[in-house]
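# Report on the structure
Listed here are the chains, written in short residue letters.
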Amino acid sequence: MHRRLASTLSVSLGAIALVLTAAAAQAKGSEAPLAAAEAKADKTLAQMTPAEKTVLTHGIMALPLGPTLPTLPEGAIWGAGFIHGIPRLGVPALTETDASLGVAYVMGMRKDGATGLPSGLSMASSWNPEALRKSGAMIGSEARAKGFNVLLAGGANLMRDPRAGRTFEYFSEDPLLTGDLVGAAIGGIQSNHIISTIKHFALNGQETGRKFVSSQISDPAARESDLLAFQIGIEKGQPLAVMCAYNKVNGASACDNDYLLNTVLKKDWGYKGFVMSDWGAVPSLETAIHGLDQQSGEQLDKQVWLDKPLAAAAAKDPAWAARLDDMNRRVLTSIYAAGLDANPAKPGGAIDFEADAKISGDIARQGIVLLRNEGGALPLAASAKRIAVIGGYANAGVLTGGGSSQVHGKDGPVVTIQSGEHTGFDALIAPTWQPSSPMQAIKALAPGATVTYRSGDVIADAVAQAKKANVAIVFAVKPSSEGFDQADLSLPYGQDELIAAVTAANPHTIVVLETGNPVAMPWLDKTAAVMEAWFPGARGGEAIADVLFGKVNPSGHLPITFPKSVDQLPRPVLDGYNEFEPNFAGDPPTPDARITADYNIEGSDVGYRWFARKGEAPLFPFGFGLSYTTFASTGLKTDGKTASFTLSNTGKVQGATVGQLYMVSQAGTPRQRLVGFQRVDLAPGASQKVSVTIDPRLLAEWKDGGWTIAAGDYTFALGSDAQHLGQPVKVHLSARSWKD
Ligand code: BGC
């Protein structure tokens, strides 16, 4: 059975009925249901000349990077990419921009500014698909107002390693959470008559050697983890494009991977949109036969394969001609389904930056995770007399992630650290700060206090300030960027020593982390409170201050496990890290260079599932997050298909919590999987009954090309996080199997 875009599908799985509604299955903002878009695509295809058939199949990177500088063609905008249209047939050009966190800054090539969302990790910590939808709608509207009609968003890779450079761009280590959140974000983006991608398909687990590392994984393990995240994301968000990844999967480049593109995506999942390559990820002409529909950023590849060589192959061979028609049909179907022709995006549209910044701030507030709060150290009293703010350029702004996803307002970053180590791409990867100063926001909320700032570069100076203050707030930062993995889990710039010294000087020390990855905290026990604010976006400073002073009750929950040390990970040494020089382009230094990332070690037990399997306690578990109030989750009832339970606010202040339902054993064998979640906002003393539908794929194993639920006892438990679980409820399920 193929799951189709824009169709109503009802599959009876024994007692389990899985229903995709028409509403969920249709891209939001589509001009026409997919079938109508396909019919229109066929009509256009019938009128195309052979030369026109290789117009939509390739395009340039519209940026001055790479071996040759492009001259921007008419209609192109400085941004990630440009695909010519076919004016004779009314087919619009594709104007492409990054990405998930807002319209990318592209090293200041455009001076029109954009609203930066918090990092993917931050937004995912909200566990709030609705907030993701709103944020997606916001960045999609900004893209459209700038004349872009394709947003290269939707990072859906699971975090298999907390050191991976793009962890900040992605959502989580769990397929259900990632799929639900990315789907909501894509739905929001596409509500603007623009196309969104979902990326990077698939198994992009590290940046080291990103074009020559091979993610080795068995089919069952992939289907139950990374591929499931994409599958759920595609079902929920109906992205009209898929971007294949740089890395190899089981030896074949993800963009040249017949199994991933033709078998999994197009055959098993019935995907009708098009597959575009990542920039510089196309090794050969055969990629077309292996399922690639469009070559992006073509000047980064050795050859523009999907232009003249493709036309020549199609002229000679009917199989290639049929494939070329299919490539065009897919791109056209997506263009028509999004209504790009009827609703052209034009540069110069109005943007309400204040309203958009508010949306960014709202999700940042929901994404801040309170990790420690000893003796009610937080919220801070507005009556504090002297506050020592230390480090992290908190006087200026908040840290952002580096690489293609970086977003800045029109005046650019307020702080830039030039490393100068990586020639060519410095401007793209340098750590930069957005102008939303936590210190200014703290001052605004504590008007009666003396608020001092020290950079923390001189530890003795920071200590002297901390000694004089009622409270010290250390802002600890750890930059991360696309293209580069982290060496380890420690904080850079001597910040571990700084925090240790400040906590020794003033026991009322709060640490605010701005990181794109989990970090180790050797000083944890000495602190009064710790909050993870991630890269919190255009209103990050205000969001942090609001949580510090209790204007907002923290409600974020970790979407990724914080290990105690790398020794707890499936791969204590990140593959290739010690052998190969960091390299943004990711090209192999010699033709025979190889890195193997053996994901069969953990298989589908990514993140918390691995910790459960090993019986190890992490530093902070997946799902963890404190609040200024207390909650209870009670009354779990489930038959294995749906579950209901009650969430109560048992404390004294309003707050939001996330009900988390885990399977803890599968047919009698211990195995942990998140099977449902729901965020609720509760007044003090209030309770709410919650119901969740359990996706049967989360209970199943992938066997013999399909899903199988083995007969047996399955236990479920509510958890305040993946490690702290309530009373288990046992359900007997009978055997059943089905195909996608
Ligand atoms: C990244 C993609 C991005 C593309 C275009 C690549 O380096 O991997 O995520 O969309 O560049 O900027």
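Reference entry: report on the structure contained in this document. Predicted model only: the values in this text are computed from it and were never measured.

For the rest of this paragraph, the subject is the overall build of the protein chain. The number of helices and strands found in the protein chain is 17 helices and 31 strands. The C-alpha radius of gyration computed for the protein chain amounts to 25 Å, which stays within 12% of the reference 27 Å derived for 740 residues, consistent with globular compactness. Of the contacts formed within the protein chain by residues at least 6 apart in sequence, a portion of 76% connects residues at least 24 apart. Accessible surface for the protein chain amounts to roughly 24,900 Å². Of this, 54% is attributable to carbon and sulfur atoms. Of the charged side chains in the protein chain, 64 are positive and 71 negative, and the gap between their average positions amounts to 5 Å.

On to the pattern of salt bridges. Applying the stated criterion across every chain yields a total of 44 salt bridges. Residue Asp546 pairs with Lys551 through a salt bridge whose shortest N-O separation is 3.8 Å. For Arg613, the salt bridge is made with Asp605, and the minimal N-O distance between the two is 2.9 Å. Residue class for Arg613 comes out partly exposed when judged on its relative accessible area of 45%. A residue is classified by how much of its surface remains accessible, and Asp605, at 7% relative accessible area, is buried. Within this structure, Asp42, Lys266, Asp293, Arg323, Asp326, Arg329 and Arg330 form a network of salt bridges that share partners.

Our next topic: the sheet that holds strand 14 (residues 398-400). Spatial ordering of the open sheet is given by 14-16-15, a layout of three strands whose pairing is antiparallel. Either end of the sheet is taken by a strand with one partner, and the two such strands are strand 14 and strand 15 (415-416). In the sheet, strand 15 pairs with strand 16 (residues 432-434) via two bridges, with the strands oriented antiparallel. Counterpart to Thr416 in the pairing with strand 16 is Thr432.

This part covers the packing of aromatic side chains. Taken as a whole and judged by the stated rule, the model has 14 aromatic pairs. Pairing Trp127 with Phe622 gives two aromatic rings, centres 5.4 Å apart and planes at 50°, and the pair type is tilted. With Trp127 in the loop between helix 3 (120-124) and helix 4 (129-145) and Phe622 in the loop between helix 17 (608-614) and strand 22 (631-638), the pair connects residues that are 495 residues apart, well separated along the chain. The structure contains a cluster of three or more aromatic residues connected by ring pairs, namely Trp127, Tyr608, Phe622, Tyr662 and Phe677.

What follows covers the site of the ligand. For the ligand, the set of nearby residues contains 13 residues, the closest of which are Asp98, Arg166, His200, Asp278 and Glu482. Contacts to the ligand include His200, whose side-chain N or O atom sits 2.7 Å from an oxygen atom. Its residues assigned to classes, the shell around the ligand shows five nonpolar, two polar and six charged.

What follows is about the packing of helix 2 (residues 34-47) against helix 10 (residues 318-338). The geometry of helix 2 relative to helix 10 is characterised by a closest axis approach of 8 Å and an angle of 130° between their N-to-C directions. It follows that helix 2 is oblique to helix 10 by the angle criterion. Where helix 2 crosses over helix 10, the handedness of that crossing is right-handed. Along the contact surface, helix 2 presents Leu34, Ala37, Glu38, Lys40, Ala41, Asp42, Thr44 and Leu45, while helix 10 presents Asp325, Asn328, Arg329, Leu332, Thr333, Tyr336 and Ala337. Looking at the contact of helix 2 with helix 10 residue by residue, the classes come out as seven nonpolar, three polar and five charged.

Our focus in this paragraph is the sheet that holds strand 18 (residues 471-478). The strand order across the open sheet built from six strands is 12-20-19-18-13-17, with neighbouring strands paired in mixed fashion. One side of each edge strand has no neighbouring strand; the edge strands of this open sheet are strand 12 (369-373) and strand 17 (450-454). Recorded for the sheet is a direction-independent mean angle of 15° between the axes of neighbouring strands. The pairing of strand 19 (residues 509-515) with strand 20 (residues 529-532) spans four bridges and is parallel. Following the sheet pairing, Val512 is matched in strand 20 by Met531. Where helix 14 (residues 459-468) meets the sheet, its contacts fall on strand 13 (386-390), strand 17 and strand 18, and the angle it forms with strand 13 comes to roughly 155°. Across the sheet, helix 16 (residues 540-548) lies against strand 18, strand 19 and strand 20, angled at about 150° from strand 19, the strand it touches most.

Here is the idea: a disulfide is a covalent bond, and it sits between the sulfur atoms of two cysteines. Applying the stated criterion across every chain yields a total of one disulfide. A sulfur-sulfur separation of 2.1 Å characterises the disulfide bridge that pairs Cys244 with Cys255. The disulfide joining Cys244 to Cys255 has a torsion of about 110° about its S-S bond and is therefore right-handed. A residue pair is termed long-range when its members are at least 10 positions apart, and Cys244 in strand 8 (residues 241-244) and Cys255 in the loop between strand 10 (252-253) and helix 8 (258-268) qualify at 11 residues. With a relative accessible area of 0%, Cys255 lands in the buried category.

Moving on, we come to the packing of helix 11 (residues 353-367) against helix 16. Taken N-terminus to C-terminus, the directions of helix 11 and helix 16 make an angle of 40°; their axes are 9 Å apart at the nearest point. Considering the angle they form, helix 11 stands oblique to helix 16. Once helix 11 is placed against helix 16, the crossing between them reads as right-handed. For the pair helix 11 and helix 16, contact is made by Gly361, Ala364 and Arg365 and by Glu542, Ala543, Asp546 and Val547, respectively. Partitioning the contact of helix 11 with helix 16 into residue classes produces three nonpolar, one polar and three charged.

Now for unusual backbone geometry. With an omega dihedral of -20°, the bond running from Asp98 to Ala99 counts as a cis peptide bond. Turning to its location among the elements, Ala99 is positioned in the loop between strand 4 (94-97) and helix 3. In this structure, His200 follows Lys199 across a cis peptide bond, with omega equal to -10°. The topology assignment puts His200 in strand 6 (residues 195-201). Non-glycine residue Val106 carries a positive phi angle of around 40°.

Scoring rules and cut-offs
Residues numbered from 1 in each chain as written. Predicted model: local features only at pLDDT ≥ 70, side-chain atom pairs only at ≥ 80, totals over all residues. Heavy atoms only, no water. Helix = DSSP H or I, 4+ residues; strand = E, 2+ residues; numbered from the N terminus. Rg over C-alpha atoms; globule rule 2.2 N^0.38 Å. Contact = heavy atoms within 4.5 Å. Areas by Shrake-Rupley, 256 points an atom, 1.4 Å probe, with all protein chains shown as cover. Lys, Arg positive; Asp, Glu negative; His and termini not counted. Charge placed at Lys NZ, Arg CZ, Asp CG, Glu CD. Salt bridge = Lys/Arg side-chain N within 4 Å of Asp/Glu carboxyl O. Buried < 20%, exposed > 50% of the residue type's maximum accessible area, 1.4 Å probe, protein only. Pairing = 2+ DSSP bridges. Phe/Tyr/Trp six-rings, centres within 6.5 Å; stacked < 30°, edge-to-face > 60°. Near = heavy atom within 4 Å. Polar contact = N/O pair within 3.5 Å; in protein donor to acceptor, adjacent residues only side chain to side chain. Nonpolar A, V, L, I, M, F, W, Y, C, P; charged D, E, K, R; others polar. Axes fitted to C-alpha atoms, helices over the stretch in contact; angles between N-to-C directions. Parallel < 35°, antiparallel > 145°, perpendicular 65-115°, else oblique. Left-handed = near helix turned anticlockwise from the far one by under 90°. Disulfide = S-S within 2.5 Å.

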